[in-house]
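Analysis of the macromolecular model
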Amino acid sequence: MNSDAAIYGGSNVHNNDLKAEKIACMNQQYSISVTLPPLGALILSPEGAK
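Let me begin by describing the structure that accompanies this report. (Residues numbered from 1 in each chain as written. Predicted model: local features only at pLDDT ≥ 70, side-chain atom pairs only at ≥ 80, totals over all residues. Heavy atoms only, no water.)

**Here's the deal with the overall build of the protein chain**
A tally of helices and strands in the protein chain yields zero helices and zero strands. Relative to the globule expectation of 10 Å for 50 residues, the C-alpha radius of gyration of the protein chain, 13 Å, shows a markedly less compact shape. Overall, the protein chain is about 35 × 25 × 15 Å in size when its C-alpha atoms are taken along their principal axes. Residues classed as buried in the protein chain amount to 8% of the 50 residues present. Long-range contacts, defined here as pairs at least 24 residues apart, represent 21% of the contacts in the protein chain between residues at least 6 apart. Per element, the accessible surface of the protein chain, about 4,600 Å² overall, is 55% carbon and sulfur. (Helix = DSSP H or I, 4+ residues; strand = E, 2+ residues; numbered from the N terminus. Rg over C-alpha atoms; globule rule 2.2 N^0.38 Å. Buried < 20%, exposed > 50% of the residue type's maximum accessible area, 1.4 Å probe, protein only. Contact = heavy atoms within 4.5 Å. Areas by Shrake-Rupley, 256 points an atom, 1.4 Å probe, with all protein chains shown as cover.)

Written out as structure tokens, the structure is:
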């Protein structure tokens with residue numbers, strides 16, 4: 001679900017196929033880079049989570 005989708009009146013900013021990279025950040029071995037939508041919400045869950 002993308003709360004910033006055009007059908008909700010947003011600017012259609014989205015992230016596709018996020019993958020962790022072996023780039024250390026905040027004492028973690030892996031990290032991801034995401035684009036945060038303006039005036040939107042970003043909810044992340046592990047692949048396969050229900």
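**Looking at the side chain of Asp-4**
Notably, Asp-4 is buried but unbridged: the nearest opposite-charge side chain belongs to Lys-19, and the N-O separation is 22 Å. Polar side-chain contacts of Asp-4 include one of 2.8 Å to the side chain of Ser-11. For Asp-4, the side chain forms a polar contact with the main-chain nitrogen of Val-13, separated by 3.1 Å. In contact with Asp-4, not counting residues within four places along its chain, are Gly-10, Ser-11, Asn-12, Val-13, Pro-37 and Pro-38. (Lys, Arg positive; Asp, Glu negative; His and termini not counted. Salt bridge = Lys/Arg side-chain N within 4 Å of Asp/Glu carboxyl O. Polar contact = N/O pair within 3.5 Å; in protein donor to acceptor, adjacent residues only side chain to side chain.)

**Regarding a nonpolar patch on the surface**
Where nonpolar side chains cluster on the molecular surface, the patch consists of Leu-18, Ile-32, Leu-36, Leu-42 and Leu-44 and spans about 450 Å² of accessible area. Note on Leu-18: relative accessible area 35%, which makes it partly exposed. (Patch = residues over 30% accessible without salt bridge, like charges linked within 9 Å, V, L, I, M, F, W, Y side chains within 5 Å.)

Read these as spatial facts, not as claims about activity.
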